[in-house]
Amino acid sequence: MLDESTHFDTQAIRGGNRRTNEQEHGEPIFATSSFVFDNAAQAASRFAGDEPGNIYARFTNPTTQAFERRLAALEGGESCVATASGMSAITAICIGLLEAGNHIVSSRSVFGTTTVLFEKYLPRFGIETSFVDMTDLNAWQKAIQPNTRILFLETPSNPLTEIANIGALADLAHENNCLLVVDNCFCTPALQKPLQLGADLVVHSATKYLDGQGRIVGGAVVGNHQLVGEELFGIIRTTGPTMSPFNAWVALKGLETLSLRMKAHSEQAGKLAKYLSEHTAVKRVYYAGLESHPQYELARRQQSDSGGIVSFVVKGGREMAWKVIDNTRMLSITANLGDVKTTITHPATTTHGRLSDDQKRLSGIEEGLIRIAVGLEDIDDIVRDLSRGLDD
Ligand SMILES: *Cc1c(COP(=O)(O)O)cnc(C)c1O
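So, how was this worked out
- Residues numbered from 1 in each chain as written.
- Predicted model: local features only at pLDDT ≥ 70, side-chain atom pairs only at ≥ 80, totals over all residues.
- Heavy atoms only, no water.
- Near = heavy atom within 4 Å.
- Polar contact = N/O pair within 3.5 Å; in protein donor to acceptor, adjacent residues only side chain to side chain.
- Areas by Shrake-Rupley, 256 points an atom, 1.4 Å probe, with all protein chains shown as cover.
- Buried < 20%, exposed > 50% of the residue type's maximum accessible area, 1.4 Å probe, protein only.
- Helix = DSSP H or I, 4+ residues; strand = E, 2+ residues; numbered from the N terminus.
- Pairing = 2+ DSSP bridges.
- Phe/Tyr/Trp six-rings, centres within 6.5 Å; stacked < 30°, edge-to-face > 60°.
- Lys NZ or Arg CZ within 6 Å of the ring centre and 35° of its normal.
- Domains from an automatic or database assignment.
- Contact = heavy atoms within 4.5 Å.
- Buried area = accessible area lost by both parts, 1.4 Å probe.
- Salt bridge = Lys/Arg side-chain N within 4 Å of Asp/Glu carboxyl O.
- Axes fitted to C-alpha atoms, helices over the stretch in contact; angles between N-to-C directions.
- Disulfide = S-S within 2.5 Å.
- Core = buried A, V, L, I, M, F, W, Y, C linked by side-chain atoms within 4.5 Å.

Trainee: I'd love a proper account of the site of the ligand, names of residues and values included.
Mentor: Close to the ligand lie Ser85, Gly86, Met87, Phe111, Glu154, Asp183, Cys185, Ser205, Thr207, Lys208, Val217 and Gly218. Note that an oxygen atom of the ligand is positioned 2.8 Å from one of the side-chain N or O atoms of serine 205. Here the ligand has 380 Å² of accessible area as a free molecule, and 92% of this is covered by the chains.

Here it is in structure tokens:
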């Protein structure tokens, strides 16, 4: 076992694993749905919760637990539960910690499906959500009601890379008897540790940078033992959105290179942002690593680097944006992110397509906006691919 002073990069590679009697060096995949007991009395005490240990893989599986322990160590949390997807992690938080009559205040700039969950499905169970401009602390304060229990946000936001002040929002949450939940998908613990800044829960789509190579769908929540190890573990083992051992193994191995990858993604994105900001066909670049970013200073304090997502607005609206996208030959036209392969997206007609024109204007989703999730191909090839549409 590693002690508490073990550094991040060591935890990412060696944390969480418990070698079996076979003395294997690599982490094994426990492809089993249930576990056997020595005798009837042991079965009884496992089921009664008197004796710790595995019962059934909807509750626990050693491979999934290795991923959970490793991610908990990286985020600096006591406890982690892995889930089948990022959305099931967010859903588990809502149904596990809230009840009818409760209220959520959420950043307006959250993942599209999270908005659908909050707006369309939670009201059926008596849970309402107010949406606010993430960077406006007063707006958060005004939106809090006596029945508010959760403040929810993603920072940096998608696709405009706005930065929320996690520490200030944690204080506001705690003054009002609320939990601060941070979706740490864009930065990962390699670049930002929301729990250390005061957040109560960190949520992940493991589908993105934790896997890092676009192979699986998965999710996780990290926080203290009571909230995560007891309450969320309970709702997940009961409702069933457990992470499969194979997916847990892929994500577990992904964590081993997380720090290196996030550094490389950030370096590539920084170069791309600089190239774009000097291009005459580009009106505006959104990237927290540029001094022109409105929250450049806050990003420098809160994050150790700027991450791999760069968004930019081309002159000439949708026509020019689609031309740039359609002239690429290598970049993948897909909405996913967090992959070693670079992806390119037109938010106004895809990820943010269901917003009304007014909502798009309020959220800064212009027709000329393009989002790049910068991968790890040679940066010169990425630039060359974009320049085909931008240059002529
Ligand atoms: C993808 C994503 C999610 C949802 O995760 P899934 O694994 O697709 O369910 C949640 N939040 C953010 C920021 C995401 O990018």
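This is not the end of the story, as more comes after the structure.
Trainee: Just give me the short version of the pairing of strand β12 (residues 369-373), but keep the residues and values in it.
Mentor: Along any regular strand, the residues point their side chains to alternate faces of the sheet. The element β12 is extensively covered by neighbouring structure, given that five of its five residues are classed as buried. Residues of β12 alternate between two faces, with Leu369, Arg371 and Ala373 on one and Ile370 and Ile372 on the opposite face, all of them buried. As judged from the five bridges shared by strand β9 (residues 309-314) and β12, these two strands associate in the antiparallel manner. Directly across from phenylalanine 312, in β12, lies its bridge partner isoleucine 370. When strand β11 (residues 343-345) meets β12, the two strands line up antiparallel, connected through three bridges. Bridged to threonine 343 within β12 is alanine 373.

Trainee: Before we move on, could you go through the packing of aromatic side chains and cite the residues and values that matter?
Mentor: Scanning the entire structure with this criterion turns up four aromatic pairs. Considering the side-chain rings of phenylalanine 118 and phenylalanine 152, the 5.3 Å spacing of their centres and the 90° angle between planes classify their relative orientation as edge-to-face. With a gap of 34 residues between them, phenylalanine 118 in helix α5 (residues 112-121) and phenylalanine 152 in strand β4 (residues 148-154) connect regions that are remote in the sequence. Across the pair, exposure class does not vary: phenylalanine 118 and phenylalanine 152 are buried alike. A cation sits over an aromatic face here: lysine 208 above phenylalanine 111, 4.9 Å from the ring centre.

Trainee: Please set out the domain arrangement of the chain residue by residue, giving values where relevant.
Mentor: As assigned here, the chain comprises domain 1 (8-30 + 61-255) and domain 2 (259-390). On a C-alpha basis, the centroid separation for the pair domain 1 and domain 2 is 25 Å. Across the contact, 34 residues belong to domain 1 and 33 residues belong to domain 2. Roughly 2,800 Å² is buried in total at the junction of domain 1 and domain 2, and carbon and sulfur atoms are behind 56% of that figure. Contact with domain 2 buries surface across domain 1, with Leu160, Leu191 and Tyr209 losing the most and accounting together for 27% of the total. Along the contact surface separating domain 1 from domain 2 lie zero salt bridges. Linking domain 1 to domain 2 there are 13 residue pairs in polar contact (both at pLDDT 80 or more). Looking at the side of domain 1 that touches domain 2, the elements that each hand over two or more residues are α1 (8-14), α5 and α8 (188-191).

Trainee: Lay out the sheet that holds strand β6 (residues 201-205) with the relevant residues and their values.
Mentor: Strand order in the open sheet formed by seven strands is β1-β7-β6-β5-β4-β2-β3, with mixed pairing between adjacent strands. Each edge of the open sheet is held by one strand with a lone partner, namely β1 (79-83) and β3 (128-132). Averaged over neighbouring strand pairs, the angle between their axes works out to 20° when direction is ignored. Bridge analysis of strand β2 (residues 103-107) against β4 gives four bridges, and the strand direction is parallel. The residue of β4 that forms the bridge with isoleucine 104 is isoleucine 150. The sheet contacts of helix α3 (residues 62-75) involve β1, β6 and β7 (219-223), and relative to β1 the element is tilted by about 130°. Packing of α5 onto the sheet brings it into contact with β2, β3 and β4, and relative to β3 it is tilted by some 135°.

Trainee: An account of the pairing of β4 is needed here, citing residue identities and associated values.
Mentor: Where burial is concerned, most of β4 is hidden: six out of the seven residues are buried. Both β4 and strand β5 (residues 179-183) contribute to a ladder of five bridges, which runs parallel. Of the residues in β5, the one forming a bridge with glutamate 154 is aspartate 183.

Trainee: Account for the state of the cysteines, with residues named and values stated.
Mentor: One pass over the full model with this rule turns up zero disulfides. You can see cysteine 178 has no disulfide; the closest cysteine sulfur is in cysteine 94, sitting 13 Å from it. Assessed through its relative accessible area of 4%, cysteine 178 is described here as buried. Cysteine cysteine 185 remains unbridged, with the sulfur of cysteine 187 as its closest cysteine sulfur at 9.7 Å. When its relative accessible area of 8% is taken as the criterion, cysteine 185 is described as buried.

Trainee: Any details on the nonpolar core? Residues and values, ideally.
Mentor: Counting residues in hydrophobic clusters, the biggest one holds 33 residues, and the most contacted among them are Phe67, Leu71, Leu210, Val222, Leu255, Leu258 and Leu337. Elements with a minimum of two residues in this core: α1, α3, β1, α8, β7, α10 (245-256) and α11 (258-277). In contact with leucine 210, not counting residues within four places along its chain, are Phe67, Leu71, Thr188, His204, Ala251, Gly254, Leu255, Leu258 and Arg261.

Trainee: Quick one: what's the story with the side chain of arginine 46, residue by residue and with numbers?
Mentor: In this fold, arginine 46 is placed in helix α2 (residues 40-48). Note on arginine 46: relative accessible area 15%, which makes it buried. Here the side chain of arginine 46 touches proline 52 through a polar contact of 3.3 Å, landing on its backbone oxygen. Every residue in contact with arginine 46, bar those within four places of it in the chain, is listed here: Phe37, Glu51, Pro52, Gly53, Asn54 and Ile55.

Trainee: Which residues make up the sheet that holds β12, and what are the values?
Mentor: What the five strands build is an open sheet, ordered β8-β9-β12-β11-β10; its pairing is mixed. Each having just a single partner strand, β8 (282-286) and β10 (332-333) make up the two edges of the open sheet.

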